[in-house]
Each structure stands twice: as C-alpha cells, then as structure tokens.
Amino acid sequence: MVDAHQTFVIIGAGLAGAKAAETLRSEGFTGRVILIGDERDHPYERPPLSKGFLTGSAERDSVFVQQTAWYAEHDIELHLGQPVVHLDRVARTVRLGDGTTLQYDKLLLATGAEPRRLDIPGTDLVGVHHLRRLAHAERLKNVLTSLGRENGHLVIAGAGWIGLEVAAAARGYGAEVTVVEPAPTPLHGVLGPELGEVFADLHTEHGVRFRFGSRLTGITGQDGVVLSVLTDDGEEHPAHGVLAAIGAAPRTALAETAGLTMAGREQGGGVAVDASLRTSDPDIFAAGDVANAEHPLLGTRLRVEHWANALNGGPAAARAMLGRPVSYDRIPYFFSDQYDLGMEYSGHAVPGTYDQVVARGDVGKRQFIAFWLREGRVLAGMNVNVWDVTDPIQKLIRSGRQVDPDALSDPSVPLTSFLD
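The structure presented is a predicted model; accordingly, all values stated were derived computationally and were not measured.

Q: Pulling in residues and values, what's your account of the overall build of the protein?
A: When its secondary structure is counted, the protein shows 11 helices and 26 strands. On C-alpha atoms alone, the protein measures out to a radius of gyration of 22 Å, which is about the 22 Å that the 2.2 N^0.38 rule sets for 420 residues. If you line up the protein on its principal axes, its C-alpha atoms span 65 × 60 × 35 Å. Looking at the protein as a whole, 55% of its 420 residues qualify as buried. In the protein, once contacts between residues fewer than 6 apart in sequence are set aside, the share between residues at least 24 apart is 61%.

Q: Account for the nonpolar core, with residues named and values stated.
A: Val94, Leu107 and Leu109 are the most contacted members of the largest nonpolar core, which totals 52 residues. In contact with Leu109, other than residues within four places in its own chain, are Ile11, Leu254, Ala255, Leu260, Ile284, Phe285, Ala286, Ala287 and Val290. In this structure, Leu134, Leu140, Val143 and Ala169 belong to the second largest nonpolar core, which totals 48 residues.

Q: Which residues make up the packing of helix α5 (residues 134-150) against helix α6 (residues 161-173), and what values go with them?
A: Relative orientation of the contacting elements α5 and α6 amounts to 45 degrees, with a least axis distance of 8 Å. As judged from the angle between their axes, α5 and α6 are oblique. For the pair α5 and α6, the sense of crossing is right-handed. Facing Leu140, Lys141, Leu144, Thr145, Gly148 and Arg149 of α5, the residues of α6 in contact are Val166, Ala169, Ala170 and Tyr173. Of the residues contributing to the contact of α5 with α6, the split by class is 6 nonpolar, 2 polar and 2 charged.

Q: Quick one: what's the story with the packing of aromatic side chains, residue by residue and with numbers?
A: Summed over all chains, the structure comprises 8 aromatic pairs. Seen from their ring centres, Trp70 and Tyr71 are 5.1 Å apart, and the 85 degrees between their planes marks the pair as edge-to-face. Of the residues examined, Trp70 reaches a relative accessible area of 12% and is grouped as buried. On the basis of relative accessible area, Tyr71 is assigned to the buried category, the value being 1%. Ring centres 5.7 Å apart and planes at 90 degrees place the aromatic pair Trp161 and Phe199 in the edge-to-face group.

The rules behind each value
Residues numbered from 1 in each chain as written. Predicted model: local features only at pLDDT ≥ 70, side-chain atom pairs only at ≥ 80, totals over all residues. Heavy atoms only, no water. Helix = DSSP H or I, 4+ residues; strand = E, 2+ residues; numbered from the N terminus. Rg over C-alpha atoms; globule rule 2.2 N^0.38 Å. Buried < 20%, exposed > 50% of the residue type's maximum accessible area, 1.4 Å probe, protein only. Contact = heavy atoms within 4.5 Å. Core = buried A, V, L, I, M, F, W, Y, C linked by side-chain atoms within 4.5 Å. Axes fitted to C-alpha atoms, helices over the stretch in contact; angles between N-to-C directions. Parallel < 35°, antiparallel > 145°, perpendicular 65-115°, else oblique. Left-handed = near helix turned anticlockwise from the far one by under 90°. Nonpolar A, V, L, I, M, F, W, Y, C, P; charged D, E, K, R; others polar. Phe/Tyr/Trp six-rings, centres within 6.5 Å; stacked < 30°, edge-to-face > 60°.

Structure below.
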C-alpha cells in the first residue's frame, strides 16, 4: 500500500526511468512513484528498434520493459503522452503539457536523447526518416519492406551503429543501400581507423555502397516525395528513402531552463552529475542518455548513450534517491548485430586516447577480440563472434594492469591468466 509521505517523480518513461521505478519498489520505497513520458507507449527498450524488431525477427510486444499491468500492480502512477513543460526547483514542482502540476520530494531526469537533424534542403520531403522511437521503427520497417519489394534505394547519412544496423536490415529486405559518411571508415569516432575497415568490408560484401569523405548537401523530390540526394562531391544518388543517422543530442532543455549545471560540449554535453548521479540540485538526479557522470574508475566525465547505461544507471539513481551510498562505476558496454556478425564492446577508448590496438584471433574471418591499449594497459575490448569473454575483458580494464601485448594477442593464452 502506498502512503503519501514522499513523492518521487521520474521524467522520462524509457528504460532508465522504468528501471528506476522498478528499483524504488524493490528497495522498499512505499511513497508515491510517478513516471512521466511524452510517448503514449509504455516504457520500451530501444536496441530492438534497429535490430530484431526492425528486421522482423522479434515481435512488437517483445520491446516493452514490463507488461502493461505491472505498473498498476506496483502502484506506479503513469502519465504517458505528456511532456513536462516546466520544472520549478524552488517549489519542487513539475508542470505537464495538459496543465497538471505535480509536487516532488526527489526527482529523476531520464529524458534521454533525440536524433540530430540534417540541416540541408529537402528534409521536409516525404521519405526522410529518423530512428529513435517505436513509432519511427514501425514506419521504417514498412518502408524497408516496400523498398525491398520494389528494388528501391535507401540512402543513409551516417555510418555509426544505427546507420550500419539499418543498412543490414534494409539489405535483408532486399533494398538497395548507399551510406554517405564524412569519415574515412565506418564507426571512425568509436573504433578508430584500425577496426572500421572490418565493418566496411562486411557491408560491402552484402551489397552496401559507401561514399566515404562525403556529406549530403540536399535532398531532391518530386510531388513532395524523396527522389534523390546530392553530396558535396557533386554526385547525385537515387533515393526512395533517406535515413538521418548522424547521432543524437541529449534532451537537456528542461534541465537547462531550470538552471541545473550542464557538462561542456567537449565532454559530450548533457546534465552534469556526480558519481552518485546527483545533479547540482541535491534533490534532482539524472540517468541514461541525458546524464554526464563523473566516472570514479576511468577518472573522466562520460555521457554514454547505450542500452546498458540506461539498464544499470536507472537503478543506481533510484538507490541514490533513497539515500543509499552509490558510486556508479560500470564499465561502458554496448553490442551490435549486423548480418552474421555479432559484437560486444566494453570500455572507453576514443581515438587519441590509446597508443596501440592488439587483436587476437582471425580478423579476416571476423572472429576475434580487439584490445585498445595505452602504455600496456587495456582501455577497451571488442569481441567479434567470440562469446562469453565480456567478464574477463571488463575485469582486465578494471584492474589497470600492464600486460604483454604479444601474449594478449595469442589465443592460446587464456584471458584469465592476465588477472592472476
């Protein structure tokens, strides 16, 4: 039974928000829990939107965090389809789009991120898509089905994870795919030049055309519908659909207007939080894509946009809201599935922070583990079609030990031996 001695409000009904609500109840909180989302759908997970659900291998219902009835059964008050339009830190209130005002004792911001938009002519044409929400994925799935049936062309701006996963899904439906990317390889900002070619070769083998070193400069149409795209090298490419996959920006407008401290752009932006996910206001916390946290293990600020961060960050913030000691030091982790390639990445090693990349296994056969090192210490590891190694990779990163790169590259040397 709920008593009204305290009210905890969660803004953002995605994975982080839903898991925070779940944790509050599992940790014994008996006050009111109010979960607010600007989408009408119940909280769902985003990875299937560019993976299983988009490819057709998973049903729509599989994306939801909990069954619909779970929220009422656990006394979680849902306000769906309602944006929060104002946050008053002095009065400790939030105002919804329909005028409803709710008071809080503790507040969690789990507002997520939104897709970056193409700033070029023609983005208002029918056939220009983004992929962030379930409704986007449903539309895009129908588009890919149609393009495959009619041998249509999809142009994707951006060769990041979303762009590549959608490219794989589109080829699965039989659509023609061209990816336009200003960097020299896919995933250049994440994997660097050393491993990006693995993904370029994978997609090229499956019929994807890449235009590296190029940007879209315009989208042309006929009768209001996409017809082709123009690139800055003077080329024109046929297009019956365009996907903007050029990254996401944290949804910070509410927090900024309320005067909360923000992280700098050079740090990835977002709402600045400490290691307990507390903002500059002691009664407000942030988790998931919108939070830029001090990482106690890595010694830097990080804003992580991946599933695991929402899955684990929401519960960590909930415990901190309850006054429990929290030091959120999870190793960043994400995964991807493209054609017959499955991969997992743990750690943080953006280009410029490492001095060596070591691979063990067969890179050519796309069955290997890659390690990013600095001064002999493992910063990150990526296993490609090699499984059950995430735990030792993360322990190796956590240890901070210097390792012999030659031994690390030798598959006959067990990973666990580096932890003895």
